[in-house]
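# Fold and geometry: a report
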Amino acid sequence: MKKSKISSFCSLIALLWVLAACQSGISTPHDVGHADTWPAIYPDYAEVTIPVGIAPLNFSMLSDSITTIDVDIRGSKGGNIHTNSSETGSGSTATFDIDDWHRLTAQNKGGDLTVTVIAEQEGHWTQYRDFTIHVSEDSLDAWGITYRRIAPGYEHYGHMGIYQRCLANFDESALIENTENTSMCVNCHTANQTNPDSYVFHVRGANGATAIVKDGQAELLQAKNEILGGAMVYPYWHPGGRYCAFSTNKTSQMFHARSNKRIEVYDAASDIFVYDTETHRILNDTIVMRKYWAENTPVFSPDGKWLYYITARRQIYPTDYDKERYSLCRISFDATTGKIGQKADTLINTRLTGKSVTWPRPSYDGRYLMYTQVEYGYFSIWHQEADLWLLDLESGETRPLDVVNSNRAESLHSWTTNSRWFLFTSRRDDGLYTRVYLSHIGTDGKATKPFMLPQRDPKHYYLTLLYSYNTTDFTQRPVDTNPKTLMDSILNGQRTPTMTLE
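The rules behind these values
- Residues numbered from 1 in each chain as written.
- Predicted model: local features only at pLDDT ≥ 70, side-chain atom pairs only at ≥ 80, totals over all residues.
- Heavy atoms only, no water.
- Helix = DSSP H or I, 4+ residues; strand = E, 2+ residues; numbered from the N terminus.
- Rg over C-alpha atoms; globule rule 2.2 N^0.38 Å.
- Buried < 20%, exposed > 50% of the residue type's maximum accessible area, 1.4 Å probe, protein only.
- Contact = heavy atoms within 4.5 Å.
- Phe/Tyr/Trp six-rings, centres within 6.5 Å; stacked < 30°, edge-to-face > 60°.
- Lys NZ or Arg CZ within 6 Å of the ring centre and 35° of its normal.
- Pairing = 2+ DSSP bridges.
- Axes fitted to C-alpha atoms, helices over the stretch in contact; angles between N-to-C directions.
- Salt bridge = Lys/Arg side-chain N within 4 Å of Asp/Glu carboxyl O.
- Arc of directions from axis to C-beta.
- Polar contact = N/O pair within 3.5 Å; in protein donor to acceptor, adjacent residues only side chain to side chain.
- pLDDT = per-residue confidence, 0-100.

## Looking at the overall build of the protein
A tally of regular secondary structure across the protein gives 6 helices and 36 strands. Radius of gyration (C-alpha) of the protein: 26 Å, near the 23 Å computed for a compact globule of 502 residues. Seen along its three principal axes, the alpha-carbon backbone of the protein occupies a region of about 105 × 50 × 50 Å. Per-residue burial for the protein yields a buried fraction of 52% across its 502 residues. Relative to all contacts within the protein whose residues are 6 or more apart in sequence, the contacts with residues 24 or more apart total 58%.

Structure (structure tokens):
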């Protein structure tokens, strides 16, 4: 009799809980069916590898007919979190508390998170096959990322800016925007090995300049050096902080009339040089500034002893634009004298590969160099065939990062300082806009399935965002800058002239 009363009491409590849930609008799983497939979610986070401390991987169901999603995540080393979209009011999106997510990932460092998804569609509940998220032993080694966000225009800059984003949450702030002068283009924000205290970016169009910031002090250089014949673009810092490598380009663009391609960007001429931030002198050298060759995208090795760059035999433009193919070279650099070496080594020769190399980026541990391979040219963001490749600087072996690449453009990659994570941009999402993806890479050079930059409400955010991400990079700490002060210094027109070393 006593057990019967207890059972009746428990049933009553359960009934009251269900009634309360119904009255409050909470929808909980019941009469659940099963599907032997992974849930169709956006972004695709199944079987990805993440660092501890990354922002929650909130995701949505792809189908708009799904009204509620109930998600439970369990750690292989303990802990779990649960969310129900009817409780959070997020429709078919699973959103996780930031603090709970961080505690769970920290507890399961080196382990796995098992994700169970149950979704309600037309009043019926379905539980899908569990999927796993791996939590790496390697730290992210970055506070956040910086990037430019730009609308896909070709002739007018419109609204654009350079921004920073904390990777532990969803906070974003502007470093500089062109809202005061929409005819001005800001681009190519580049820090010295992710150090936010030293960075450079360019201003094109009205009030053009090259802005160099060191230890919080901004200096605006003349946008063009008449002796070089072009602007200072594609910067990369020497690790010592005194020098910065640039290319100088006469860039043009054209549009395809009978092709599935939209636009082609090419250089009628380009050279590379090193700029001395202390003397304002340009250290040019005939070895890397040849008359009938186009040198481009220079980068220093992490120890500062080498300067990597790409080079191609100049073609007749614009008719032979698709015959221009770049090889990867390197040449020595002496930081004590500011001298470039007299002999260049070819690391990847286009005559052997038949392909073109662009955007070389060495890992900061000096082991690898990641680059983008395309059929021709160097402006990879408009090339659907653009893929990421990895060059082993010890063995000389080079190979594609197949697990990372897609059938659309991958490019503009950067490393964390511990050389265990990299980011890149890709058009794989919709073929139109570039989005940011992150991936882990082991000491063996093997990369993991990339994951899209997390957002609070990813489906709504990315479907309504009419901007592309580019020139992305990691940053160790927030960039300390005042956007208004920086813009005022650009608009006042005062510029520091540069000189060419005789």
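## Quick look at the packing of aromatic side chains
Scanning the model with the defined rule gives 20 aromatic pairs in all. Site record: aromatic cluster; members linked through ring pairs are Phe 59, Phe 96, Trp 101 and Phe 131. Across from the ring centre of Trp 293, 4.5 Å away, lies the NZ or CZ of Arg 290, which sits over that ring. In this structure, Arg 428 packs its charged tip against the face of Tyr 437, placed 4.9 Å from the ring centre.

## Brief notes about the sheet that holds strand β14 (residues 184-192)
Read from one edge to the other, the open sheet built from 4 strands follows the order β14-β15-β16-β17, with strand pairing classed as antiparallel. Strands with a single pairing partner mark the edges of an open sheet, and in this sheet they are β14 and β17 (217-222). Adjacent strand axes in the sheet meet at a mean angle of 20 degrees when their direction is disregarded. Pairing between strand β15 (residues 195-205) and strand β16 (residues 209-214): 6 bridges, direction antiparallel. Counted as the bridge partner of Ser 198 is Lys 214 from β16. Most of the contacts of helix α6 (residues 483-491) go to β15, to which it runs at about 45 degrees, and overall it touches β14, β15 and β17.

## Side note on the pairing of β17
The pairing of β16 with β17 spans 6 bridges and is classified as antiparallel. By the bridge assignment, Val 213 is partnered in β17 with Ala 218. The loop that links β16 with its antiparallel partner β17 comprises 2 residues; one of these, Asp 215, has a positive phi angle of about 55 degrees.

## Some details on the pattern of salt bridges
Scanning the model with the defined rule gives 18 salt bridges in all. We note a salt bridge from Glu 172 to Arg 149, for which the minimum N-O separation is 2.5 Å. With Glu 172 in strand β13 (residues 172-177) and Arg 149 in strand β11 (residues 144-150), this residue pair connects regions lying 23 residues apart in the sequence. Among the residues examined, Arg 149 registers a relative accessible area of 12% and is labelled buried. A salt bridge links Arg 367 to Glu 394; the nearest nitrogen and oxygen atoms lie 3.5 Å apart. Separated by 27 residues along the polypeptide, Arg 367 in the loop between β27 (356-362) and β28 (368-374) and Glu 394 in the loop between β29 (387-392) and β30 (398-400) bring together distant segments of the chain. A relative accessible area of 24% means that Arg 367 is categorised as partly exposed. Taking the relative accessible area as the measure of exposure, Glu 394 reaches 65% and is therefore exposed. Through salt bridges with shared partners, a single network forms among Asp 72, Arg 74 and Asp 130.

## What about the pairing of β27?
Burial analysis of β27 places 7 of its 7 residues in the buried class, which makes it a mostly covered element. Bridge analysis of β27 against β28 gives 5 bridges, and the strand direction is antiparallel. Considered in β28, the bridge of Ser 356 is made with Val 374. Linkage of β27 to β28, two consecutive antiparallel strands, is achieved through a turn of 5 residues, within which Gly 366 is found at a positive phi near 80 degrees.

## As for helix α3 (residues 98-107)
Among the residues of α3, those classed as buried are Trp 101, Leu 104 and Thr 105. End-on, the buried residues of α3 take up no more than an arc of 95 degrees, which puts them together on one face. Elements in contact with the buried residues of α3: β3 (49-50), β5 (66-75), β6 (80-84), β8 (112-121) and β10 (131-135). If you check the start of α3, you find a side-chain oxygen 3.1 Å away from the backbone N of Asp 99, and it comes from Asp 97.

## Some thoughts on α6
Leu 486, Met 487 and Ile 490 are the residues of α6 that are buried. Within α6, the buried residues cover an arc of 95 degrees as seen down the axis, which keeps them to one side. Away from its buried face, by an angle of more than 90 degrees, α6 presents the exposed residues Lys 484 and Thr 485. The elements touched by buried residues of α6 are β13, β14, β15 and β17. Note on α6: the residue one or two positions beyond its end, Gly 493, has a positive phi of about 85 degrees.

## Considerations on the confidence of the model for the protein
Averaged over every residue, the pLDDT of the protein is 88; residues scoring 70 or more account for 90%. Counting contacts from residues 9-23, a segment whose pLDDT is below 50, to residues more than four positions away or on other chains yields 2 contacts.

## What about the environment of Val 299?
In this structure, Val 299 sits in strand β23 (residues 293-300). In this structure Val 299 comes out as buried when scored by relative accessible area, which is 0%. Here Val 299 is in contact with Tyr 236, Trp 306, Leu 307, Tyr 308, Pro 360, Arg 361 and Pro 362, once residues within four sequence places are set aside.

## Regarding the sheet that holds strand β35 (residues 468-475)
Taken together, 4 strands build an open sheet; the order of strands is β13-β12-β11-β35 and the sheet is antiparallel. Each having just a single partner strand, β13 and β35 make up the two edges of the open sheet. Going across the sheet, the axis of each strand differs from the next one's by a mean of 25 degrees, ignoring polarity. As paired strands, β11 and strand β12 (residues 160-166) are joined by 7 bridges and run antiparallel to one another. Bridged to Arg 149 within β12 is Gly 161.

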